[in-house]
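Report on the structure
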2 protein chains.
Amino acid sequence: MNLILLAQDDIVTSTRARVRDPRRLTHLRQVHRAKCGDIMTLGIENGLLGRGELLSLTDEEACFDISALDQAPPAPLPVHLVLALPRPRMLARSIEHATSLGVKRLTLLHSRRVEKSYWQSPELDPAKIHQHLVLGLEQARDTMMPTVETAKGFRPFVEDDLPELLKGRRGLLAHPGMPVACPRGIDDEAVLLIGPEGGFIDWEVEKMLEAGCEGIHLGERILRVETAVTALLARLF
Amino acid sequence: MNLILLAQDDIVTSTRARVRDPRRLTHLRQVHRAKCGDIMTLGIENGLLGRGELLSLTDEEACFDISALDQAPPAPLPVHLVLALPRPRMLARSIEHATSLGVKRLTLLHSRRVEKSYWQSPELDPAKIHQHLVLGLEQARDTMMPTVETAKGFRPFVEDDLPELLKGRRGLLAHPGMPVACPRGIDDEAVLLIGPEGGFIDWEVEKMLEAGCEGIHLGERILRVETAVTALLARLF
């Protein structure tokens, strides 16, 4: 928690915010060892961040002075990440990695090698996903909440949604065996598509290439999805 | 398990290997749904890899034909990774990420902001570390076992060991606020140093710069150690 991220519900007045949930109160007490008068890094969800004083701390709440928040959050990555739905624990970590790296749009996609049971996972509960987004933002000192969508049909996504997403954006399909190595340090707005464990099937690859994606690879090593997400984002941007 | 990694103990003759541990037997049965006659990807620890037949599979053992292994493992990364000892769970994942990306030399370093209790963690048991190295190799289809060392004194490491390590190698200290952005796609042999949560302290940074390291940063976002390890390796190499 490198930033105390304040949701709209936490804001009392334009100068005052109040945190009441056990997770943040415990963290303030046990990790920050916070006490009244401490100056901490605060940020308002989808707003500014900066330094502010901890005005009071009890078992029930922590109050902060938010009158001096004046910094813009760090720049987002210019990418829409499309991720074949990973297994639940991998999903949680992948969301946190991607959020901390600055991804603001994430689509979770069905594909042949995604186990159908993954779509029933409690990790897909919007409240759970929100929690991982918050953890990623708190880690990276960012305030801009990403949006997460699901696309439970591969064909409608690739035929109807993907062509729209690719208007003005570079489509990059990360898949082992593609002819081109992942480019480095691009400036383009991009859509980055990453397959499930076991990869996209050939037909899916063909459909994405037909839709206008470039196929890229990260070398002969096969990476776990969460490692691949971070490695691709770090190399591309 | 994209590769069945065979240790010296698993080799029966030059053409035959035998796997007996429950982890791999269960994985073969439940994930691979393996059956006699299947052709699988096999590799000998610190040796060649390739395809080989599953000759038999019982509750106690799986036998493989290893007579046709003829491929070299993927190229290693030309880097010695020096990681301030992370908290135990983060350590396990960082080792797996780094191994799957091709790191072959890892030093776990003490620094001021490493909690002393981390050095007592069962995760530092050599057998535990070996397990995470194996998982990283199996993931990436690699056979070359990394070496992991510990350096429990920062000063002896930076004054005695680091200058030796930097002979013929580029020293890269990843630390927030350093003047230069992390370079991309370098070919140099390198030593990459990554701090603990909370970062190296100023004195430690000075000592590493004095020893000949260049300070590099990954931008204003603060990343978890395991995310930073992958992001730095993916951007550098």
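Note that the structure is predicted; figures quoted are calculated from it, not measured.

Residues and elements named next belong to chain B. Across the sheet, seven strands lie side by side as β9-β8-β7-β12-β10-β13-β11; this open sheet has parallel pairing. Every interior strand has two partners, whereas the edge strands, β9 (147–151) and β11 (180–181), have only one. One ladder, built from five bridges, connects strand β8 (residues 105–109) with β9; its direction is parallel. Each bridged residue has a counterpart across the sheet, and for L109 the counterpart in β9 is A151. The strands that helix α5 (residues 202–210) touches are β10 (170–174), β12 (190–194) and β13 (214–217); relative to β10, the one it contacts most, it runs at about 165°.

This part takes up the packing of helix α2 (residues 88–101) of chain B against helix α3 (residues 126–140) of chain B. Geometrically, a packed helix pair is captured by the angle between its two axes and the distance between the axes. Residue and element names in this part refer to chain B. Viewed as axis vectors pointing N to C, α2 and α3 meet at an angle of 40°, and their least axial separation amounts to 8 Å. Here α2 lies oblique to α3, going by the angle between them. For the pair α2 and α3, the crossing hand works out as right-handed. In contact with A92, I95, E96, T99 and S100 of α2, α3 contributes I129, H132, L133, L135, G136, L137, Q139 and A140. Its residues placed into classes, the contact of α2 with α3 shows seven nonpolar, five polar and one charged.

All names here are of chain A. By domain assignment, chain A separates into domain 1 (4–65) and domain 2 (79–236). The C-alpha-based centres of domain 1 and domain 2 are spaced at 33 Å. Both faces considered, domain 1 and domain 2 share a buried interface measuring about 800 Å² in area, 57% of it formed by carbon and sulfur atoms. Three residues stand out in domain 1 for area buried against domain 2, namely L5, R23 and N46, and they jointly supply 60% of the buried area on that side. Counting the contacts that link domain 1 with domain 2 gives one salt bridge. Of the charged contacts, one joins R23 and E138 as a salt bridge, the two residues approaching to 2.7 Å between their closest N and O atoms. Counting across the domain 1 and domain 2 interface gives four residue pairs in polar contact (both at pLDDT 80 or more). Elements with a contribution of two residues or more to the side of domain 1 that touches domain 2: α1 (22–30) and β4 (39–44). A class-by-class count of the residues in the side of domain 1 that touches domain 2 yields four nonpolar, four polar and three charged.

This part takes up helix α4 (residues 154–165) of chain B. Among the residues of α4(B), B:F154, B:F157, B:V158, B:L162 and B:L165 are the ones counted as buried. End-on view of α4(B): buried residues confined to an arc of 85°, all on one side of the axis.

Let's shift gears to the interface of chain A and chain B. Counting residues at the interface gives 29 residues for chain A, matched by 29 residues for chain B. Surface buried jointly by chain A and chain B totals about 2600 Å² across both partners, of which 51% is contributed by carbon and sulfur atoms. At the junction of chain A with chain B, the criterion picks out four salt bridges. As a salt-bridge pair, B:R224 and A:E96 come within 3.1 Å of each other at their nearest N and O atoms. Inspection of the region where chain A meets chain B yields 22 residue pairs in polar contact (both at pLDDT 80 or more). Looking at the side of chain A that touches chain B, the elements with two or more residues in it are α2 (88–101), α3 (126–140) and α6 (225–236) of chain A. Partitioning the side of chain A that touches chain B into residue classes produces ten nonpolar, nine polar and ten charged.

Further remarks concern the relation of the copies chain A and chain B. Relative to chain B, chain A is turned by 180° and slid 0.0 Å along the rotation axis, the superposed coordinates differing by an RMSD of 0.0 Å. Both copies are brought into coincidence by an operation consistent with a two-fold rotation axis. For chain A, the smallest separation between a C-alpha atom and the rotation axis is recorded for A:R235, amounting to 2.3 Å. Taken together, the interface assignments show that 100% of the residues at the interface of chain A recur at the interface of chain B, consistent with an identical surface on both copies.

What follows covers the pairing of strand β6 (residues 62–65) of chain A. Looking along a regular strand, one sees the side chains alternate between the two faces of the sheet. Residues and elements named next belong to chain A. Judged from the four bridges that link them, strand β3 (residues 16–19) and β6 form a sheet pairing that is antiparallel. Counterpart to V19 in the pairing with β6 is A62. Pairing of strand β5 (residues 49–57) with β6, which is carried by three bridges, proceeds in the antiparallel orientation. Along β6, the bridge assignment pairs L54 with F64. The antiparallel pairing of β5 with β6 creates a hairpin that spans four residues between the two strands.

So, on to the pattern of salt bridges. In this structure the tally under the stated criterion is 40 salt bridges over all chains. Its salt-bridge partner being B:R18, residue B:E61 comes within 3.8 Å of it at the nearest N-O pair. Linking B:E61 in the loop between β5 (49–57) and β6 (62–65) with B:R18 in strand β3 (residues 16–19), this pair joins segments that are 43 residues apart in sequence. Residue classification places B:E61 among the buried positions, given a relative accessible area of 19%. Given a relative accessible area of 30%, B:R18 falls into the partly exposed group. In this structure, the salt-bridge partner of B:R93 is B:E226, at a minimum N-O distance of 2.7 Å. You can see B:R93 sitting in helix α2 and its partner B:E226 sitting in helix α6 (residues 225–236), a full 133 residues away along the chain. Both residues of the pair, B:R93 and B:E226, count as buried. Sharing partners across several salt bridges, the network here consists of A:R93, A:R224, A:E226 and B:E96.

About the criteria used
Residues numbered from 1 in each chain as written. Chains lettered and ligands numbered in written order. Predicted model: local features only at pLDDT ≥ 70, side-chain atom pairs only at ≥ 80, totals over all residues. Heavy atoms only, no water. Pairing = 2+ DSSP bridges. Helix = DSSP H or I, 4+ residues; strand = E, 2+ residues; numbered from the N terminus. Contact = heavy atoms within 4.5 Å. Axes fitted to C-alpha atoms, helices over the stretch in contact; angles between N-to-C directions. Parallel < 35°, antiparallel > 145°, perpendicular 65-115°, else oblique. Left-handed = near helix turned anticlockwise from the far one by under 90°. Nonpolar A, V, L, I, M, F, W, Y, C, P; charged D, E, K, R; others polar. Domains from an automatic or database assignment. Buried area = accessible area lost by both parts, 1.4 Å probe. Salt bridge = Lys/Arg side-chain N within 4 Å of Asp/Glu carboxyl O. Polar contact = N/O pair within 3.5 Å; in protein donor to acceptor, adjacent residues only side chain to side chain. Buried < 20%, exposed > 50% of the residue type's maximum accessible area, 1.4 Å probe, protein only. Arc of directions from axis to C-beta. Least-squares fit on C-alpha atoms with pLDDT ≥ 70 in both.

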